[in-house]
There are 2 protein chains.
Amino acid sequence: MQTSTERVVIVGGGFGGLHAARRLARAPVDVTLIDVHNHHLFQPLLYQVASGALSPANIAAPLRGLLKRQLNARVLLARVVDIDVAGRRVVLADGGLHQGSVDYDVLIVAAGSRHSYFGHDDWEKFAPGLKTIDDATAIRRRILEAFEFAERSGDASDTAAWLSFIVVGAGPTGVELVGQIAEIAHHTLRGEFRSIDPQRAQVHLIEAGDRVLAAYDPALSERAQRSLERMGVTVLLGSQVVAVDRDGIMVKQGSGTRRIASRAVFWAAGIQASPLARRLAEQTGAEIDRSGRITVEPDLTIRAHSDIFVIGDMAHCTGDDGKPLPALAPVAMQQGRFVADEIAARRANAGQAQPSARKFTYHDRGTMATIGRGRAVAQLPWLKISGPLAWLAWLFVHLMTLVQFQNRVLVLVQWAWAYVTRNRAARLITGDRPLADVEPAAQALESTNIHRTTESN
Amino acid sequence: MQTSTERVVIVGGGFGGLHAARRLARAPVDVTLIDVHNHHLFQPLLYQVASGALSPANIAAPLRGLLKRQLNARVLLARVVDIDVAGRRVVLADGGLHQGSVDYDVLIVAAGSRHSYFGHDDWEKFAPGLKTIDDATAIRRRILEAFEFAERSGDASDTAAWLSFIVVGAGPTGVELVGQIAEIAHHTLRGEFRSIDPQRAQVHLIEAGDRVLAAYDPALSERAQRSLERMGVTVLLGSQVVAVDRDGIMVKQGSGTRRIASRAVFWAAGIQASPLARRLAEQTGAEIDRSGRITVEPDLTIRAHSDIFVIGDMAHCTGDDGKPLPALAPVAMQQGRFVADEIAARRANAGQAQPSARKFTYHDRGTMATIGRGRAVAQLPWLKISGPLAWLAWLFVHLMTLVQFQNRVLVLVQWAWAYVTRNRAARLITGDRPLADVEPAAQALESTNIHRTTESN
């Protein structure tokens with residue numbers, strides 16, 4: 001038994017990890033929060049960065065700033081590559097610059113999830129997903145570049161391919177993203193091009209199941225689909241993606257397959273827990289589900305390992321209805337606070353780790369998703385609404401949940417502005433190769449002349 | 001003689017190119033503005049993005065949005081790789097996706113400049129400069145990562161190397177950037193780390209000349225230097241950089257040389273005009289100066305090529321005092337408007353290109369530079385001031401010059417917030433390899449344990 005201050009190590013600074021760390025502020029423990037990013041990200045608004053409505057800093061806050069005054073907490077910017085269960089330590093590695101490990105007495109694993117391509121990881125480069133700031137700015141670049149390339153292309157079928165957008169997966173992220181793309185094409189960019197009409201863009205939402213927003217009430221799903229269709233989105237249900245390449249996707253519909261040409265395909269079809277879940281399972285014998293989540297006990301520990309908690313998207317935790325809890329921010333936050341209380345209670349009771357009799361229960365206060373400008377669906381415990389009222393509720397809840405006051409003000413100003421003008425100020429093409437791969441080349445002189453006005457004058 | 005609408009092609013959407021394009025709104029010409037970025041950038045505030053005080057979108061506005069209502073203008077997102085003077089066309093090439101050319105009747109070349117390493121281009125990877133949004137977010141990442149690596153390093157001299165920052169060049173950009181770094185170390189990050197004290201960071205400003213802000217009055221230079229020193233910056237004058245590598249720089253001071261260890265070196269020591277200037281000179285016989293600028297006639301054309309104007313950082317244009325005009329935004333803007341008026345006047349007079357008798361004159365309304373929180377120097381035609389009043393003037397002028405109203409509001413809110421709290425909300429480490437190069441590795445298990453509390457308990 002150890003009498004010194006207990007070392008609580010938290011892997012991941014998302015909703016689960018951050019809320020666990022903050023809740024431990026008054027517990028007699030040393031908290032180390034490890035994340036590969038230096039910021040906590042408000043993921044529910046990430047699609048607004050991908051669409052150029054908000055800037056990354058509006059929805060991200062530096063973890064060090066958030067935990068600055070919590071003197072029992074430290075932040076480590078590091079990549080966790082393994083967990084050594086027997087040795088009770090977390091193994092880190094970063095670009096060859098540093099390697100090392102961090103010992104723990106109690107571990108909270110909250111490393112989240114990435115998108116899942118159901119065994120087709122090679123699709124990722126053609127159909128990126130949306131989980132990080134860099135994902136969002138990459139998607140923003142792809143959307144905006146598609147219109148730019150369409151403007152420069154002289155060929156009709158080439159132009160049509162550039163003006164075809166596909167979002168795979170009609171969960172909340174897919175619905176929100178596809179709604180934004182439709183808004184960009186039909187409103188934001190109107191009048192900004194001379195050779196193409198952005199309104200002629202084809203925007204597809206592909207879903208393998210039989211309705212959009214499957215986690216919501218069927219009536220809300222139907223209203224959401226009608227809203228999307230009014231916005232110009234083609235919704236294809238019962239359509240399973242069987243191939244993705246540089247020029248589009250192949251979908252299976254019933255017994256037939258069809259090809260949809262597109263150079264801007266985005267993936268919101270599934271998530272896969274952090275590979276750390278598998279590493280934990282290998283060492284503890286715990287079960288892993290289809291999404292790579294590790295099965296946890298009712299108190300969110302791993303069976304026979306009361307010193308390891310797993311929370312958030314990584315945990316397969318059964319709800320009162322017998323179904324696993326969804327991968328949502330409120331679940332992770334409540335679990336974070338639960339394990340923090342659990343750790344504090346153990347210290348208070350005996351000063352040593354022991355199995356708890358408590359059980360985590362998720363309090364569902366409702367879920368909401370936006371569809372477009374002034375349109376949303378909200379499914380609250382006693383109420384199901386859609387339309388402008390749901391949208392206002394959505395706006396209010398998300399604004400109030402942003403961790404930093406400054407961001408609430410800035411986001412409100414930007415939303416108000418974007419609502420009135422339909423403009424998106426953060427429509428920047430940045431990063432990667434902004435058309436930058438090419439050196440002055442002699443053969444360029446032999447190539448075609450793309451100035452349309454030459455012929456028309 | 002051509003009777004159809006004259007085709008004016010503008011290379012570059014910076015201050016010169018954008019102002020030329022807008023000024024041509026009512027002229028009977030077709031305007032094509034070509035830029036490799038999709039946004040106009042307010043470069044004078046770029047250092048605020050590098051320091052995490054502002055977001056990229058606060059100081060950048062999509063060019064298409066800015067020229068949307070100007071129906072005689074179109075925007076092309078493309079990289080100009082050459083200008084074919086004899087064939088009167090601009091040659092484009094982009095990542096293998098597109099190649100082509102654009103014909104012109106009149107050409108305005110406003111492609112700006114990049115940093116110059118005086119023949120040592122290999123220094124760039126160790127000492128990046130600040131010209132684009134991507135430069136700024138890369139510098140932001142380097143500054144913030146240095147503190148993170150220092151926090152994780154257990155070795156005293158390694159920590160000291162990470163906490164050493166160097167800015168080379170004491171012009172306005174260098175002075176502004178070094179002031180921001182000092183603020184970050186001494187105020188913004190205070191209390192956020194547990195193993196290091198950010199206030200112990202060494203911040204150096206290296207200048208080959210004998211004073212900072214050499215373009216200003218010597219009295220203002222002295223006040224600026226004193227301000228910087230009070231902020232904790234070590235100013236080294238008469239110090240010429242002779243080597244730069246991964247671990248620091250070598251400077252020559254008088255007859256001796258000394259080494260300063262640093263892993264965060266930033267370059268603000270000189271600029272070099274776009275290589276298009278050299279291509280133009282080769283074909284027209286015009287002269288190129290030491291900074292790669294092309295010598296222009298009093299009307300900003302190239303001698304014997306009245307159809308080609310060169311403006312902004314690319315143009316060597318002599319002022320009334322016989323010295324070349326400085327590479328400043330107001331010079332480029334005035335030149336942009338001048339050439340637009342010139343082009344419109346030619347059309348009005350004769351409907352064909354002919355040499356002009358007009359001469360460009362720069363109206364110097366003053367220059368200003370900030371040093372830190374509430375500190376600035378301003379050199380106006382009849383007045384030289386420093387201190388809080390100069391800072392307020394600086395703030396007002398820069399705020400009012402931002403092209404989009406939304407950005408004025410957002411930037412004002414963020415400045416006010418940052419001023420009161422000394423916080424910088426946009427302190428995000430994004431892009432490139434956020435510690436991401438490493439896969440789970442067996443040898444990681446053999447490496448050192450970096451958790452300090454293990455020993456101290």
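All values reported here derive from a predicted model rather than from experimental measurement.

Scanning chain A from terminus to terminus reveals 12 helices and 25 strands. Residues counted as buried form 58% of the 457 residues belonging to chain A. For chain A, the proportion of contacts with a sequence separation of at least 24, taken over those separated by at least 6, is 62%. Only carbon and sulfur atoms are counted for the fraction: they give 51% of the accessible area of chain A, which is about 18200 Å².

Attention shifts here to helix α9 (residues 276–284) of chain B. Residue and element names in this part refer to chain B. Buried within α9 we find L276, A277, L280, A281 and T284. On an axial view of α9, the arc spanned by its buried residues comes to 140 degrees, and they lie on one face. One or two steps after α9, the chain reaches G285, where phi turns positive at roughly 80 degrees.

In this section: the pairing of strand β9 (residues 106–109) of chain A. Residues and elements named next belong to chain A. Neither face of β9 is exposed, since V106 and I108 on one face and L107 and V109 on the opposite face are all buried. Relative to β9, strand β1 (residues 6–11) is paired through four bridges, and the arrangement is parallel. Along β9, the bridge assignment pairs V8 with V106. Where β9 meets strand β21 (residues 305–310), three bridges bridge the pair, whose relative direction is parallel. By the bridge assignment, V109 is partnered in β21 with V310.

Once that is clear, we can look at the sheet that holds strand β15 (residues 248–253) of chain A. Residues and elements named next belong to chain A. Pairing in this open sheet of three strands is antiparallel, and the strands run β14-β15-β16 from one edge to the other. The open sheet has two edge strands, β14 (239–245) and β16 (256–261), and neither has a second partner. Across the sheet, the mean angle separating the axes of adjacent strands is 25 degrees when strand polarity is ignored. Sheet topology places β15 next to β16; six bridges connect them, and they run antiparallel. When the sheet's bridge partners are listed, V251 is paired in β16 with R258.

Another point: the sheet that holds strand β13 (residues 233–236) of chain A. All names here are of chain A. With parallel pairing, four strands are arranged side by side in an open sheet as β13-β12-β11-β17. Both edges of this open sheet fall to β13 and β17 (264–267), since each of them pairs with a single strand only. Neighbour-to-neighbour, the strand axes of the sheet open up by a mean angle of 20 degrees, direction not taken into account. Here strand β11 (residues 164–168) pairs with strand β12 (residues 202–206) via five bridges, running parallel. Each residue of the ladder has a partner; that of I166, found in β12, is H204. This element, helix α7 (residues 218–230), spans β12 and β13 of the sheet and lies at about 140 degrees to β13.

As a further point, take the side chain of B:N38. Tracing the backbone shows B:N38 in the loop between β2 (29–35) and β3 (39–41). Here B:N38 falls in the buried class, since its relative accessible area comes to 9%. There is a polar contact of 3.0 Å between the side chain of B:N38 and the backbone nitrogen of A:I429. Beyond its immediate sequence surroundings of up to four residues, B:N38 is in contact with A:L144, A:R427, A:L428, A:I429, B:A61, B:P62, B:L63 and B:L77.

Residue and element names in this part refer to chain A. For the structure shown, the criterion picks out 18 aromatic pairs over all chains. Members of the aromatic cluster, joined through ring pairs, are Y117, F118, W123 and W267. Positioned over the ring face of W162 is R263, at 4.7 Å from the centre of the ring.

Moving on, we come to the environment of B:L63. Residue and element names in this part refer to chain B. Of note, L63 is situated in helix α4 (residues 63–67). Residue class for L63 comes out buried when judged on its relative accessible area of 0%. Remark: the alpha-carbon pair of L63 and R200, spanning 137 residues in sequence, is separated by 43 Å. When neighbours within four sequence positions are excluded, L63 is seen to be in contact with G13, L18, L33, D35, H37, N38, H39, H40 and V75.

Looking now at unusual backbone geometry. Outside of glycine, negative phi angles account for most residues, and trans bonds account for most peptide bonds. Positive phi, normally seen in glycine, also occurs at A:R88, with a value near 50 degrees. Classification of A:R88 by relative accessible area gives partly exposed; the value is 36%.

Turning our eyes to something else, we now look at a nonpolar patch on the surface. Residue and element names in this part refer to chain A. Nonpolar side chains collect at one region of the surface, where F396, V397 and M400 lie side by side and expose about 290 Å² of accessible area between them. Inspection of the secondary structure assignment puts M400 in helix α10 (residues 388–401). Residue M400 is classed as partly exposed on the basis of its relative accessible area of 42%.

Residues and elements named next belong to chain B. Its location among the elements puts G14 in the loop between β1 (6–11) and α1 (15–23). Judged by its relative accessible area of 28%, G14 is partly exposed. Spatially, the C-alpha atoms of G14 and H39 are 8.7 Å apart, while their sequence positions differ by 25 residues. The contact partners of G14, leaving out residues within four places of it in the chain, are D35 and H40.

Time to look at the confidence of the model for chain A. Should pLDDT be low for a region, the predicted coordinates there are not to be read in detail. Residue and element names in this part refer to chain A. For chain A, the mean per-residue pLDDT works out to 88, and 90% of the residues sit at or above 70. This model gives residues 434–457 a pLDDT under 50, and the stretch forms 59 contacts once residues within four places in sequence are excluded. Both scores are given for the predicted complex: the pTM is 0.90, the ipTM 0.88.

Let us look at the pairing of strand β5 (residues 73–77) of chain A. Residue and element names in this part refer to chain A. Among the five residues of β5, five are classified as buried, and the element is accordingly described as predominantly covered. Direction of pairing for strand β2 (residues 29–35) relative to β5: parallel, over a ladder of five bridges. Its bridge partner lying in β5, L33 is registered against V75.

Moving on to the packing of helix α1 (residues 15–23) of chain A against helix α9 (residues 329–349) of chain A. The packing of two helices is summarised by the inter-axis angle and the distance between the axes. Residues and elements named next belong to chain A. Between α1 and α9, whose axes approach to 7 Å, the crossing angle comes to 30 degrees. Regarding α1 and α9, the two cross each other, and that crossing is right-handed. Residues F15, G16, H19, A20 and R23 of α1 form the contact with α9, whose participating residues are A329, A332, M333, G336, R337, V339, A340 and D341. The residue makeup of the contact of α1 with α9, split by class, is seven nonpolar, three polar and three charged.

Residues and elements named next belong to chain A. Going through the model one piece at a time under the given rule, you end up with 44 salt bridges over all chains. The residue R263 makes a salt bridge to D247 at a minimum N-O spacing of 3.4 Å. Taken together, the residues span a long stretch of sequence, with R263 in the loop between β16 and β17 and D247 in the loop between β14 and β15 at a distance of 16 residues. Among the charged side chains, a network of salt bridges with common partners joins D82, R279 and E282.

Parameters and conventions
Residues numbered from 1 in each chain as written. Chains lettered and ligands numbered in written order. Predicted model: local features only at pLDDT ≥ 70, side-chain atom pairs only at ≥ 80, totals over all residues. Heavy atoms only, no water. Helix = DSSP H or I, 4+ residues; strand = E, 2+ residues; numbered from the N terminus. Buried < 20%, exposed > 50% of the residue type's maximum accessible area, 1.4 Å probe, protein only. Contact = heavy atoms within 4.5 Å. Areas by Shrake-Rupley, 256 points an atom, 1.4 Å probe, with all protein chains shown as cover. Arc of directions from axis to C-beta. Pairing = 2+ DSSP bridges. Axes fitted to C-alpha atoms, helices over the stretch in contact; angles between N-to-C directions. Polar contact = N/O pair within 3.5 Å; in protein donor to acceptor, adjacent residues only side chain to side chain. Phe/Tyr/Trp six-rings, centres within 6.5 Å; stacked < 30°, edge-to-face > 60°. Lys NZ or Arg CZ within 6 Å of the ring centre and 35° of its normal. Patch = residues over 30% accessible without salt bridge, like charges linked within 9 Å, V, L, I, M, F, W, Y side chains within 5 Å. Salt bridge = Lys/Arg side-chain N within 4 Å of Asp/Glu carboxyl O. pLDDT = per-residue confidence, 0-100. Left-handed = near helix turned anticlockwise from the far one by under 90°. Nonpolar A, V, L, I, M, F, W, Y, C, P; charged D, E, K, R; others polar.

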